[in-house]
Amino acid sequence: MMIMATAITTDPMLPQPYSVREVAKETPDTFTLRLDPENAVNRSMFQPGEFSMLWLFGVGELPISISGDPSLHDRLVYTVRSVGQATHSLVNRGVGDGVGVRGPFGAGWPLEAARGRDVIVVAGGIGLAPLRPLIYQVLQNRKDYGRLVILYGGRSPRDLLYRKELATWARNRETQVLVTVDYGGLSWRGHVGVVTTLFKYSRLQPTRSVAMVCGPEIMMRFVTRELETQGLSRDDIYLSMERNMKCAVGFCGHCQYGPHFICKDGPVFRYEQIRNLLEKYEL
Amino acid sequence: METLERIITEHPFFAGLDCGFTNLMVSCAANVRFKAGAYILKEGDPANTFYLIREGKVAVEVLAPQHKPIIISTLSMGEILGWSWLLPPFQWKFHARAVDDVRAIGLDGKCLRTKCEENHDLGYEVLKRFAQIMEQRLEATRLQLLDVYAVK
Amino acid sequence: MLLLPCISGRALAAISQLAAWAGDLVVADGLLASRDVLQGDGVPEQAHRVLEASKMGELLEALKRKGYEVIGPTVRDGAIVYDKVESAKDLPAGWTDEQGPGRYRLKRRDDGTLFGYAVGPQSWKKYLHTADVRLWSAERQGVTFRILNNEAQPRHPLAFVGVRACELAAIAVQDRVLLDDKYRDPIYEGRRAGAFTIAVQCTQSAATCFCASMGTGPWVQSADLVLTELVGSKGGHRFVAWARSNRGAEVFAELPTAPATEQDSKEADAAVAAAAGEQVRSIDTAGIKELLYQNFEHPRWGNVAGRCLTCANCTMVCPTCFCTTVEDVSDVTGDHAERWRRWDSCFTQSFSYIHGGSVRTSTQSRYRQWMTHKLASWIDQFGSSGCVGCGRCITWCPVGIDITEEVAAIREGGKNGNP
């Protein structure tokens, strides 16, 4: 189900009060925060791939993808990598601290298009976070989809997100989880190499597959080329894009990507829609 | 029991190879096994063999004085290990260690070089396949060097 | 950026100084769209009437009686700006503007024309999509906080006097961005809904005007009231006027007007046609979207980057540029925070920042973004061009970069790509 293109009348710039319920460390610099709404209970509805604007008192606001389970409506969960002042401040919130939440915003993963087909999830680094709600959705409605293949590349073993869950997911039927790292130590018994090197172990059936890709833009360019080599149609490949965002509703102009606004037309785009833009430098 | 010929034919690296060529290959091939942790090849040693991996995982490593060995990549079922036998000075550039118990077909590089010199059609087929592997690994290595997940 | 997001008179004076150093006007071949294209939107026009120029004050009074705060043109700091007008005395009677690339001068006219200029540096977005607006404020409450919604609306509805055809087109463009899309901006919506527009059709064009080629003027398509100022003819200094809305007609009914003769109407029409006819600049808009999309790589971008100062003036004066940023401010105690929205510009390096760096670091990429958005991707995004041909970006560019010339150079392709 996609957000319908009807006008939304409430003030989209006003944050709703949430408070931190839980902060869990995923990796040395990445944390998963659970935020619970301070008033209404049933408001935390979202679709996999959508994002929120999180506002911190005295710090500012930042766009963060929702990484939680879309069937749990009493919370919003975000996985945040501490890379700057605002994200550092966010991951250092204590339990009970207030966070302003706007959203959810954007067009997420095309679950309808994936129905009845094999779902190929290709994630790089923190890019697994926006894909996790999709993985939950597919696993909870297992019979609605064909095979689920999760190909995940990280920097090093200690930078991998959701390690326990990856192992749990792999135990589901018709589900293959392959993980690789760019830099492996001797204690790492898994794959070493970039995420594109995993394709040869997954035997995709290209005509019945839909691929959902999220990671750094360079990684996604390599992955889309590999998916095409594997025989997937450009119409069956979806990417989640990132640009500067201030408003998240198409007013501020920052997230323009050629003719698209990442915030309201994306962040998830069909590869065919943006293929010609991906190679353009300084677009 | 599986014949060497069948194993070679079914390995993705030799997929679609003319059966005449496969027969030439078989005369240079042997079944090999490595225990987990064993070194399959070592940097600086003469490169006289290459391997079609049938089972298990192999880590390609490089040694650095102040480090434990660094794993550059891993190779598994359906992949090949080693191309230094193909070009002078026929010396391994890296270590390769069996991560798990590994089963493979070892192909005698000297034997194969001789056959490729004698039969350029075979040589061309073999080179084309190695060129593709090299291209894929070069691209993967470039992407790996970009260190795309690092905080910039 | 040379200018703060909100252009002050002093800053504009500085720009005028810069403008004086800029080169001479580059005259492009004028290609005028016929007025047939511009008219005929199907709205039946009310009968034309004549309002003596001396009665302009009564129009302003009538608006005030209806509760409007009247905003109109007035001379300040060497420019015609939009501000509160108390009476007809505040209007720029007897002044005109002389504009060229990087050049703006006020000059005395030899008549008492009230609206005898083209456009000043400001546009009505100053009032509708304001340069700074407080979105909301928040108070700290222990570890959490309370959000207080903000009343960002003016106390009185605004009446705009002297709105040009290009500016009406610009308002329509911003309407599509801020009201007609997936989300509505409630601040803009409130300001826009209350605004009463009194259009004054241009009877002269500046050398920087090219509305005729953009299909946005100088004929006015819709406003509450439409005026055409006539001076120095047999009928004397007067406005040929008509109402285009019910509330316009209500205001009109309170004014001492007389029926217009056929001669009055003809004269008004001829005056506007003359303004269209004297435009020396134009943009050939045929296939312009494809043109710019296909010329993402073009030597002209590097050429313009050699001149562009990335000062962002063009985006500040542009009546359709809508980009904003948000800024959080807090007080000394840290217990009170406010979130402000301010005009931003795609010419700044920070505009495209994502963690790790900015996407558009080079000048050429930022100019290309601005122009390609304005003239091409805007069409995909909002169904129309983002340019209304007002010429402000040409006038207020400190180095006189001329968008019409840049488009022509891109169109010339390899032939004239790198002059």
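Just so it is clear, the model here is predicted, and its values are computed rather than measured. (Residues numbered from 1 in each chain as written. Chains lettered and ligands numbered in written order. Predicted model: local features only at pLDDT ≥ 70, side-chain atom pairs only at ≥ 80, totals over all residues.)

Engineer: Summarise the sheet that holds strand β8 (residues 158-163) of chain C; cite the residues concerned and give the values.
Structural biologist: All names here are of chain C. If you trace the eight strands from one edge of the open sheet to the other, you get β3-β2-β8-β9-β10-β11-β1-β12, paired in mixed fashion. Because the sheet does not close on itself, it has two edges, and the strands there are β3 (79-84) and β12 (258-259). Relative to strand β11 (residues 238-243), strand β10 (residues 225-230) runs antiparallel, the two being bridged by six bridges. Looking across to β11, one finds that Leu-230 is bridged to Arg-238. The sheet strands contacting helix α9 (residues 262-277) are β1 (49-52), β9 (196-201), β10 and β11, and the helix crosses β10 at an angle near 85°. (Pairing = 2+ DSSP bridges. Helix = DSSP H or I, 4+ residues; strand = E, 2+ residues; numbered from the N terminus. Contact = placed C-beta atoms within 7 Å. Axes fitted to C-alpha atoms, helices over the stretch in contact; angles between N-to-C directions.)

Engineer: Give me the nonpolar core: which residues, what numbers.
Structural biologist: Formed by 148 residues in total, the largest nonpolar core has its most connected members in Leu54(A), Ala159(C), Phe160(C), Ala199(C) and Leu225(C). Those residues in contact with Ala199(C) that sit more than four places away from it in its chain are Val163(C), Ala165(C), Leu168(C), Val220(C), Ala223(C), Leu225(C), Val226(C) and Leu227(C). Ala129(A), Met212(A), Val223(A) and Ile274(A) belong to the second-largest nonpolar core, a separate cluster that totals 52 residues. (Core = buried A, V, L, I, M, F, W, Y, C linked by C-beta atoms within 7 Å. Buried ≥ 20, exposed ≤ 12 C-beta atoms within 10 Å, placed from the backbone.)

Engineer: Report on the interface of chain A and chain B, specifying residues and quantitative values.
Structural biologist: Counting residues at the interface gives 23 residues for chain A, matched by 19 residues for chain B. Counting only elements with at least two residues in the side of chain A that touches chain B, the list comes to β10 (191-192) and α5 (217-229) of chain A. Per-element tally for the side of chain A that touches chain B: the top contributor is α5(A), with three residues. When its residues are assigned to classes, the side of chain A that touches chain B shows nine nonpolar, nine polar and five charged. (Nonpolar A, V, L, I, M, F, W, Y, C, P; charged D, E, K, R; others polar.)

Engineer: I'd like a rundown of helix α15 (residues 403-412) of chain C, residues and numbers included.
Structural biologist: Within the sequence span of α15(C), burial applies to Ile403(C), Thr404(C), Glu406(C), Val407(C), Ala409(C) and Ile410(C). Of the surrounding elements, those touching the buried residues of α15(C) are α10 (288-294), α11 (299-305), α13 (363-382) and α14 (392-395) of chain C.

Engineer: I'd like a rundown of the confidence of the model for chain A, residues and numbers included.
Structural biologist: The predicted coordinates should not be examined in detail at positions where pLDDT is low. Mean pLDDT over chain A: 92, with 96% of residues reaching 70 or higher. Taken as a whole, residues 1-7 of chain A scores under 50 in pLDDT and shows six contacts with residues more than four places along the chain or in a different chain. (pLDDT = per-residue confidence, 0-100.)

Engineer: Go over the interface of chain A and chain C, please, and point to the residues and values.
Structural biologist: Listed by partner, the interface residues are 37 residues for chain A and 41 residues for chain C. Here the side of chain A that touches chain C is composed, by residue class, of 14 nonpolar, 14 polar and nine charged.

Engineer: Quick one: what's the story with the sheet that holds strand β8 (residues 102-108) of chain B, residue by residue and with numbers?
Structural biologist: All names here are of chain B. Here four strands make up an open sheet; going across it, the order is β1-β8-β3-β6 and the pairing antiparallel. Both outer strands of the open sheet, β1 (29-34) and β6 (80-81), are each paired with one neighbouring strand and no more. Pairing of strand β3 (residues 49-55) with β6, which is carried by two bridges, proceeds in the antiparallel orientation. Within β6, the position partnered with Leu-52 by the bridge is Ile-80.

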